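These are the residues of each chain, in order.
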Amino acid sequence: HTAFRTPRCPPTGAFCRARRGMGAGTAEEDQEGPLERLHRMVCNQQAEVSALWRETAACREELAVLCECLADGGALHLAGYLARLHQCDTQAASDADGGGARSLRGQRSPAVA
């Protein structure tokens, strides 16, 4: 059994760090070939993806804290919220597999008091 390994992210590699030191719009950058230009684009996109991952993690943390506060204040029935969340996840998986087109949009959540 071979474990799947995610390839190393380009911005964390030594080559990207060295290339970043050259700066944008330099004479060296004007002379770069298509492979160097593509590599620079990949490095930039990977940096953007990494930033989005950090933002997503921060949003998830904020949501968890908000749910706890709402549950502590009696405005959210946590068990109902988690059941509804599971229902939405199950429906999304079913839709992705072609198992149905029913939408949960527009239905009132049973989790809200």
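I will try to describe carefully the structure that is included in this document. Since this is a predicted model, take the numbers as computed values, not measurements.

Here the focus is the overall build of the protein. Along the protein, the regular secondary structure elements total 4 helices and 0 strands. Along the chain direction, N to C, the helices and strands of the protein fall in the order α-α-α-α. Counting only residues that meet the buried cut, the protein has 14% of its 113 residues in that class. At a minimum sequence separation of 6, the contacts of the protein that also span at least 24 residues come to 46%.

The next point concerns the pattern of salt bridges. Per the counting criterion, the structure on display carries 1 salt bridge. A salt bridge links R40 to E32; its shortest N-O distance comes to 2.4 Å. The exposure class of E32 is buried, given its relative accessible area of 8%.

Taking 1.5 Å of rise per residue, the 19 residues of helix α4 (residues 78–96) would be expected to cover 27 Å, and the 27 Å separating its terminal C-alpha atoms lies within 8% of that figure. G98 sits one or two positions beyond α4 and adopts a positive phi of about 80°.

On the surface, L35, L38 and V42 cluster together into a nonpolar patch covering about 290 Å² of accessible area. Considering the arrangement of structural elements, one finds V42 in helix α3 (residues 34–72).

The rules behind these values
Residues numbered from 1 in each chain as written. Predicted model: local features only at pLDDT ≥ 70, side-chain atom pairs only at ≥ 80, totals over all residues. Heavy atoms only, no water. Helix = DSSP H or I, 4+ residues; strand = E, 2+ residues; numbered from the N terminus. Buried < 20%, exposed > 50% of the residue type's maximum accessible area, 1.4 Å probe, protein only. Contact = heavy atoms within 4.5 Å. Salt bridge = Lys/Arg side-chain N within 4 Å of Asp/Glu carboxyl O. Expected span 1.5 Å × (residues − 1). Patch = residues over 30% accessible without salt bridge, like charges linked within 9 Å, V, L, I, M, F, W, Y side chains within 5 Å. Areas by Shrake-Rupley, 256 points an atom, 1.4 Å probe, with all protein chains shown as cover.

That's the geometry; what it means functionally is another story.
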